[in-house]
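Summary of the model geometry
This is what each chain is made of:
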Amino acid sequence: MNKHILYLAAGNSRRLGENKLLMNLHGKPLYRHGFDMLLEFSEGRNDCTFTVVTQYPQIFQEVTSLGVAVVYNPESRLGLSHTIRAGIQSLVHLRKDDFLLFVVADQPYLQSDTIERLLAYAQPNTRIARLFWGDIPGNPVLFSAAFVPKLLALQGDDGGREIIRKYGCVPVQISNAKEFMDIDTPDDLKKISAADCFGMRISRVQC
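Residues numbered from 1 in each chain as written. Predicted model: local features only at pLDDT ≥ 70, side-chain atom pairs only at ≥ 80, totals over all residues. Heavy atoms only, no water.

So, the overall build of the protein chain
In terms of regular secondary structure, the protein chain is built from seven helices and nine strands. In the protein chain, of all internal contacts separated by at least 6 residues, the share reaching a separation of at least 24 is 68%. Just so you have it, the protein chain exposes about 9,600 Å², and 51% of that area is on carbon and sulfur atoms. (Helix = DSSP H or I, 4+ residues; strand = E, 2+ residues; numbered from the N terminus. Contact = heavy atoms within 4.5 Å. Areas by Shrake-Rupley, 256 points an atom, 1.4 Å probe, with all protein chains shown as cover.)

This is how it looks when you write it as structure tokens:
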């Protein structure tokens, strides 16, 4: 059984007006916070793969130069389902008893111990597990590979919410709401740069 971490660095940043993933946060591009954490995490395990999916040439080139698996997918501009599909289709050794962990690239405060706790639910009796802060769902989300056909069938900007709604999930609580902080607007960037949790929107589950 393998756990495949898919890092979705392909969002359109429509509300921010520019590519937020390349914007500076605490001295490095926003996407590199989660990327660096996940790279270190996956390198320490023999049961995890780590793949980045992006529509941005600069991110593709940077990740390639680091020797990390990356999928360049211009169709990501058409919606989240295209990013999900590209990531799954890149996993040539995917088996039905594997698990897929979808992580979005605009949650810079996500911690490796949270990833560890979520992946602990990658067990035969688990179908879906996702993070919660209280009763609020968020990313990342863990899917059994048995759901691959349904994930591949998603269309447009649909994530896995309908799948989760239909089949349910195991809730995994986070201990710090800051891990759910993401960036969608210029005001969010100002607040997150100041490490200000108050008034921030937390990341709602997308897939």
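Observations regarding the sheet that holds strand β9 (residues 170-173)
Here seven strands make up an open sheet; going across it, the order is β5-β4-β1-β6-β8-β7-β9 and the pairing mixed. Only two strands of the sheet have a single neighbouring strand rather than two, namely β5 (69-72) and β9. Each neighbouring strand pair of the sheet contributes to a mean axis angle of 25°, computed without reference to strand direction. Sheet strands touched by helix α2 (residues 57-65): β1 (3-9), β4 (48-54) and β5. Its angle to β5, the strand with the most contacts, is close to 160°. Running at roughly 140° to β1, helix α3 (residues 80-89) makes contact with β1, β4, β5 and β6 (99-104) of the sheet. (Pairing = 2+ DSSP bridges. Axes fitted to C-alpha atoms, helices over the stretch in contact; angles between N-to-C directions.)

Some words on the pattern of salt bridges
Tallied over the full model, the rule gives nine salt bridges. The salt bridge partner of Asp47 is Arg45, with a shortest N-O separation of 2.8 Å. Exposure remark for Arg45: the relative accessible area of 22% places this residue in the partly exposed category. The network of salt bridges with shared partners includes Lys3, Arg45, Asp47 and Glu116. (Salt bridge = Lys/Arg side-chain N within 4 Å of Asp/Glu carboxyl O. Buried < 20%, exposed > 50% of the residue type's maximum accessible area, 1.4 Å probe, protein only.)

Notes on the packing of aromatic side chains
For the structure on display, the rule yields seven aromatic pairs. Here Tyr31 and Phe35 contribute two aromatic rings whose centre-to-centre distance is 6.2 Å and whose plane-to-plane angle is 55°, an arrangement assigned as tilted. Of this pair, Tyr31 and Phe35 both sit in helix α1 (residues 30-43), four residues apart, roughly one helical turn. The class of Tyr31 is buried, set by a relative accessible area of 0%. On the accessibility criterion, Phe35 (0% relative accessible area) is buried. Aromatic pair Phe60 and Tyr72: ring centres 5.6 Å apart, planes at 55°, arrangement tilted. (Phe/Tyr/Trp six-rings, centres within 6.5 Å; stacked < 30°, edge-to-face > 60°.)

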